[in-house]
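Single-letter residue listing:
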Amino acid sequence: MIFPQQYKTELLQAIDSIDLEKVSQAIAILSRARQDGRRIFVCGNGGSASTASHFATDLVKGASYGRTSRFRIMALTDSLPTITAYSNDVSYECVFVEQLKNFAEPEDVVIAISSSGNSANVLRAVEYGNSIGCRTIALSGCEGGQLGPLAQLNIQIAHTHTGRIEDLHMVVMHMIGYYFMEEERPHPTS
């Protein structure tokens, strides 16, 4: 079949758009947050919501289990009752920012994932994070949308295909998560 080969070829070309220096900067920010006991919040819509939840799981379990230094991370995508209550009673635009108002403090980290870079609820979360002194990290696609310049660190997948952007956002999240899981393995105790 031609389509699978074409998809694979274009995905391999797109992977070169990952800025490894920015991924390293994100690792440093998260390492500092863990060291300082700061919270990390991650959010996104659709496939990006799944990426947010997956990343939180990787850090809560994979990069924390059996270690004295643990991540305090929360996927703002995981409380369906909270999301639907705000969506129904207020607006979908506020589903992440209202959660941040309950939990976020200065020096915490807000990670926003959006293929288009224009999801209003993700933008509101980053705006709020910036306003209270959080570190903000974006994973964006295409031209970065409004999200790219709004975040303090933007890891942009400069591609226009949503599937490949989402694929590579997950690759970036695995680069970060597996850094903590594999490079910082706990030492066995005697």
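Refer to the preceding data block for the structure.
Criteria and thresholds
- Residues numbered from 1 in each chain as written.
- Predicted model: local features only at pLDDT ≥ 70, side-chain atom pairs only at ≥ 80, totals over all residues.
- Heavy atoms only, no water.
- Helix = DSSP H or I, 4+ residues; strand = E, 2+ residues; numbered from the N terminus.
- Buried < 20%, exposed > 50% of the residue type's maximum accessible area, 1.4 Å probe, protein only.
- Contact = heavy atoms within 4.5 Å.
- Lys, Arg positive; Asp, Glu negative; His and termini not counted.
- Charge placed at Lys NZ, Arg CZ, Asp CG, Glu CD.
- Pairing = 2+ DSSP bridges.
- Phe/Tyr/Trp six-rings, centres within 6.5 Å; stacked < 30°, edge-to-face > 60°.
- Core = buried A, V, L, I, M, F, W, Y, C linked by side-chain atoms within 4.5 Å.

Caption draft 1: Spotlight on the overall build of the protein chain. The helix and strand tally for the protein chain stands at eight helices and five strands. Its helices and strands in sequence order give the protein chain the pattern α-α-β-α-β-α-α-β-α-β-α-β-α, from N to C terminus. The C-alpha extent of the protein chain, read off along each of the three principal axes, is 55 × 50 × 30 Å. Looking at the 190 residues of the protein chain, the share that counts as buried comes to 45%. Restricting to contacts in the protein chain with at least 6 residues of sequence separation, those with at least 24 account for 72%. Between the centroid of the 15 positive side chains of the protein chain and the centroid of its 20 negative side chains there is a distance of 7 Å.

Caption draft 2: Molecular detail of the pairing of strand E1 (residues 39-44). For E1, a buried count of five out of six residues is recorded, marking the element as mostly surrounded by other parts of the structure. Bridge analysis of E1 against strand E2 (residues 72-75) gives four bridges, and the strand direction is parallel. The residue of E2 that forms the bridge with Phe-41 is Met-74. Here E1 pairs with strand E3 (residues 109-114) via five bridges, running parallel. Counterpart to Phe-41 in the pairing with E3 is Val-110.

Caption draft 3: Highlighting the packing of aromatic side chains. Under the criterion given, the structure shown has three aromatic pairs. Judged by centre distance (6.2 Å) and plane angle (50°), the ring pair of Phe-3 and Tyr-7 falls under tilted. Placement of the pair is Phe-3 and Tyr-7 together in helix H1 (residues 2-14), with a separation of four residues, close to one helical turn. Each member of the aromatic cluster is reached from another via a ring pair, and the members are Phe-71, Tyr-179 and Phe-180.

Caption draft 4: Structural view of the nonpolar core. Among the nonpolar cores identified, the biggest contains 34 residues, and Leu-30, Val-42, Ile-111, Met-173 and Ile-176 are the most heavily contacted of them. When contributions to this core are tallied by element, the ones reaching two or more residues are helix H2 (20-35), E1, helix H3 (47-62), E2, E3, strand E4 (135-141), strand E5 (153-157) and helix H8 (162-183). The element that contributes the greatest number of residues to this core is H8, accounting for eight residues. Once you skip the residues sitting within four places of it in the chain, Leu-30 turns out to touch Ile-40, Phe-55, Leu-59, Phe-71, Val-109, Ile-111, Ile-176 and Phe-180. Membership of the second largest hydrophobic core comes to 21 residues, among which are Val-122, Val-126, Cys-134 and Ala-138.

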